[in-house]
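# Residue-level structural notes
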Amino acid sequence: MSEEVKEISFDELGLTKPLEKMTAKELRALCMEKLPMITGASGKEKDELVAEIKEVFGIVDEEQISPYKKQIHEIKRQIRALRVQKSETEGRAQRDRLRRQITKLKKRTRRLARAV
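Presented here is an overview of the structure given in this document.

So, how was this worked out
- Residues numbered from 1 in each chain as written.
- Predicted model: local features only at pLDDT ≥ 70, side-chain atom pairs only at ≥ 80, totals over all residues.
- Heavy atoms only, no water.
- Helix = DSSP H or I, 4+ residues; strand = E, 2+ residues; numbered from the N terminus.
- Buried < 20%, exposed > 50% of the residue type's maximum accessible area, 1.4 Å probe, protein only.
- Contact = heavy atoms within 4.5 Å.
- Areas by Shrake-Rupley, 256 points an atom, 1.4 Å probe, with all protein chains shown as cover.
- Salt bridge = Lys/Arg side-chain N within 4 Å of Asp/Glu carboxyl O.
- Axes fitted to C-alpha atoms, helices over the stretch in contact; angles between N-to-C directions.
- Parallel < 35°, antiparallel > 145°, perpendicular 65-115°, else oblique.
- Left-handed = near helix turned anticlockwise from the far one by under 90°.
- Nonpolar A, V, L, I, M, F, W, Y, C, P; charged D, E, K, R; others polar.

Attention now moves to the overall build of the protein chain. For the protein chain, the helix and strand inventory stands at 4 helices and 0 strands. Sequence-ordered secondary structure for the protein chain, helices as α and strands as β, is α-α-α-α. With 116 residues in all, the protein chain has 23% of them scored as buried. Restricting to contacts in the protein chain with at least 6 residues of sequence separation, those with at least 24 account for 45%. Of the roughly 9500 Å² of accessible surface on the protein chain, 48% is carried by carbon and sulfur atoms.

Following this line, the structure appears as structure tokens:
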């Protein structure tokens, strides 16, 4: 009873999201159903599963550096300055204005980080 292991390409897996975004449970199910060459999938953690799947398909991890890195650091510097200013401010209205400014800047940094 020899099972034939057919070659499968990464595109044939039919993934709806990137490997890093999948849960460990989803990755285990993927390995058990479609990738029999990966053994012991049920006992492995997410990072191990992702590494093995990438190894099987020959995917090389490239470290992505955000093109917005300098912009994000500058915004965070502004946030720290606003926090200091907020702690020194007496008036409630002014503190609320500063709090809203800080919130807007934090949202902007998150959007920039996600834009990679």
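Turning our attention to the pattern of salt bridges. Counted under the stated rule, the structure contains 5 salt bridges. Between lysine 54 and glutamate 20 there is a salt bridge, with the nearest N and O atoms lying 2.3 Å from each other. Separated by 34 residues along the polypeptide, lysine 54 in helix α2 (residues 46-57) and glutamate 20 in the segment before α1 (24-34) bring together distant segments of the chain. Assessed through its relative accessible area of 11%, lysine 54 is described here as buried. Across the salt bridge formed by aspartate 96 and arginine 99, the nearest N and O atoms sit 3.9 Å from each other. Highlighted residues: aspartate 96 and arginine 99, both in helix α4 (residues 92-114), separated by 3 residues, approximately one helical turn. Here arginine 99 falls in the partly exposed class, since its relative accessible area comes to 38%.

Packed helix pairs are characterised by how far apart their axes lie and by the angle those axes make with each other. Packing of helix α3 (residues 69-88) against α4 brings their axes to within 10 Å, and their N-to-C directions diverge by 165°. Taken as axis vectors, α3 and α4 run roughly antiparallel relative to one another. As for how α3 packs across α4, the hand of that crossing is left-handed. Taking contact as the criterion, the partners of Gln71, Ile72, Ile75, Lys76, Gln78, Ile79, Leu82, Arg83, Gln85 and Lys86 in α3 are, on α4, Gln94, Arg95, Leu98, Arg99, Gln101, Ile102, Leu105, Lys106, Arg108, Thr109, Leu112 and Ala113. Taken together, the residues that form the contact of α3 with α4 break down as 9 nonpolar, 6 polar and 7 charged.

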